[in-house]
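Overview (structure and organization)
Here is what each chain is made of, one letter per residue.
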Amino acid sequence: MSRLTESAPWRALVEHHKALQHVHLRELFAADPHRAEALSHTLADTFFDFSKHRITSETLTLLLELARAAQVPRWRDRMFAGEPINVTEGRPVLHVALRNRSDRPIRVDGHDVMPEVRAVLDRMYTFAEEIRSGAGRGATGRAFTDVVNIGIGGSDLGPVMVTEALRPWGKGGIRPHFVSNIDGTHLVETLSSLDPETTLFCVASKTFTTIETLTNAASARAWLTSALGDDAVAAHFVALSTHAERVAAFGIPEAHRFGFWDWVGGRYSLWSAIGLSIVLAIGPDAFDELLQGAYEADEHFRTAPLEDNVPVWMAMIGIWYHDFFGAASHAILPYDQYLHRFAAYFQQGDMESNGKGVDRGGCSVDYPTGPVVWGEPGTNGQHAFFQLLHQGTHLVPCDFIGAIRSHNPLGEHHDILMANFFAQTEALMRGRTADEVRAGLARRGTELSDDAVAHRTFPGNRPTTTILLDQITPRSLGRLIALYEHKIFVQGIVWDINSFDQWGVELGKELATTILSELRGDGGPSLHDASTAALIARYRTRRDPA
Ligand code: F6P
């Protein structure tokens, strides 16, 4: 047994769960008319309703005791203080420095990183202004119209998600495109509508070693130089990377490298130079607002008592379901088309961070850690997978995210969207009893057998968080992203895992390198299992027919 599962708060939660697991949310609402108010928070223009969760004030007390026992405040302070809390890589975790709007220095080994952070940001803004205004031009003297960000994982998902979410701020800016997949189709299809003379490439890679990114970048360079010649590379390529030498070796001059630091995790890097494609698309002012929103969330997380701390609530309520109710997944359901990549973004943010099976001391954990994170924008999901949410056998806690004002008011669209938004959380919470089904049928003069009624009955008691923003803006988006980041942080601390490394992706990369040599015909004798060996053999035979 681990220290966590033996701890007093954990054991108290096990007992509490036994008592609460059969209590229906309908009963909790009926018992307390102030429940909705008591279990909600407002942070600037964003409202968080946690009342449709299977919790009571006692649950919260116990969950917060668990957070305290895990020393969440101390770890949080260590993160903000620049201590090397990424224990397997011996690094600080300082994406919060990238959006620190205060005069507060943030030190790594006694050295204040803020002047460098501000200097890179200033260079990004100046560069983006030049490109956006048309002053910075391509090799043939034409202004840039399009930017292609070439990156993968954290060097892609954040910029994609944010530029999509903030499209209203991108009107008239440089058109952003994203190439991540090594499948040549992604690059070929993206470039097919672009003109080399007016296209800028951002090669986004923290390490500048990622095979997908470097292969795509090399092919993009070939596409450019075949049209404009080798000399065009300097004007049409910029690099967003921590690694100066590798960037130089690729042929991108230092003046076109925007650097960052090893204490910025890839999946937390949209706030760094990796965000250059965002700045090119939406402009420095909007990007600054994004940083401001994130800073506000950081300050809230850093200073609010645990009882009022929104990301701490999000985290601890998640732990309640994953570790005590056995919920294996978590759905993020934005009722806003602009947020259509939000769940995909936090799939990496959460699953790469907390998909860990050993604790910080290297021992296997005996409790569930990070959930499977998934989701789609509403109302599409309603017509796809909501059936399982309502009547399936899995308990799936969901976050419903919506905005009061649409950027595209069109007839009744937004009211219909939001009617569905409110209806779904109510339906998931209330369900529909057999008596209610029969009463409804009776009103219509119909009667059905018991088994037919059973199919129409909904158990309810399905938990949701409602996050209601006034409107999606750079600031509210920055705030929301940072809150989710801190939620993931808190969960990792309580689970006693290192949320900041990702060794799990290495094995597949190593094997792929070996197999690539074999596909090229220069590999040694095959050491694969029979299945993999046969698949490779079939691929090679049919790829190169005699
Ligand atoms: O393979 C996973 C990963 O290391 C992610 O953590 C990272 O976001 C992505 O690859 C891209 O890495 P890089 O920015 O170094 O190319």
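The structure contained in this document is the topic of the report that follows. Position numbers for residues start from 1 in each chain and track the written sequence from start to end. Only residues with pLDDT of at least 70 are given local features in this predicted model, and only at 80 or more are side-chain atom pairs given and counted; all residues enter the totals for whole chains, interfaces and linings. With hydrogens and water excluded, all non-hydrogen atoms of the structure serve as input to the side-chain values.

This part covers the pairing of strand E13 (residues 464–469). Each residue is assigned to one of three classes by its accessible area relative to the maximum for its type, calculated with a 1.4 Å probe on protein chains only: buried under 20%, partly exposed between the two thresholds, exposed over 50%. Numbering goes from the N terminus for both helices and strands, where a helix is a DSSP run of H or I of at least four residues and a strand is a run of E of at least two. Burial within E13 is extensive, with six of its six residues counted as buried. Alternating residues of E13 divide into Thr464, Thr466 and Leu468 and Thr465, Ile467 and Leu469, and every residue in both groups is buried. Judged from the six bridges that link them, strand E12 (residues 398–403) and E13 form a sheet pairing that is parallel. Within the sheet, the bridge partner assigned to Cys398 lies in E13 and is Thr464. Two strands qualify as a pair provided DSSP detects at least 2 bridges between them.

As a further point, take empty space enclosed by the protein. Every definition here rests on a 1 Å grid over the protein atoms only: cavities are sets of points where a 1.4 Å probe fits but cannot get out, pockets are open sets enclosed by protein on both sides within 12 Å along at least five of seven lines, and lining residues have some atom within 4 Å of a point. Grid points are joined across faces, edges and corners, and a volume is the space filled by probe spheres set on the points. Applying the stated criterion to the full structure yields five cavities of 30 Å³ or more. In this structure, the largest cavity spans a volume of roughly 110 Å³. Where the lining of the largest cavity is concerned, the elements lending two or more residues are helix H16 (310–325) and E12. No other element matches H16, which puts four residues into the lining of the largest cavity. Gly falls in the polar group here, along with every residue not listed as nonpolar (Ala, Val, Leu, Ile, Met, Phe, Trp, Tyr, Cys, Pro) or charged (Asp, Glu, Lys, Arg). Per-class residue counts for the lining of the largest cavity are six nonpolar, four polar and two charged.

Strand order in the open sheet formed by five strands is E6-E5-E7-E8-E9, with parallel pairing between adjacent strands. The outermost strands of the open sheet, each flanked by one partner alone, are strand E6 (175–179) and strand E9 (257–258). Both strand E5 (residues 146–150) and strand E7 (residues 199–204) contribute to a ladder of five bridges, which runs parallel. Residue pairing in the sheet places Val148 in a bridge with Phe201 of E7. When checking whether two residues touch, look at their non-hydrogen atoms; a contact exists if any pair is within 4.5 Å. To get an axis, a line is fitted to the C-alpha atoms, and for a helix only the part in contact is used. The angle between two axes follows their N-to-C directions and goes from 0 to 180 degrees. Against the sheet, helix H10 (residues 184–191) engages E5, E6 and E7, with an angle of about 160° to E6. Each of E5, E6, E7 and strand E8 (237–240) touches helix H11 (residues 211–228); the most contacted strand, E7, lies at about 160° to it.

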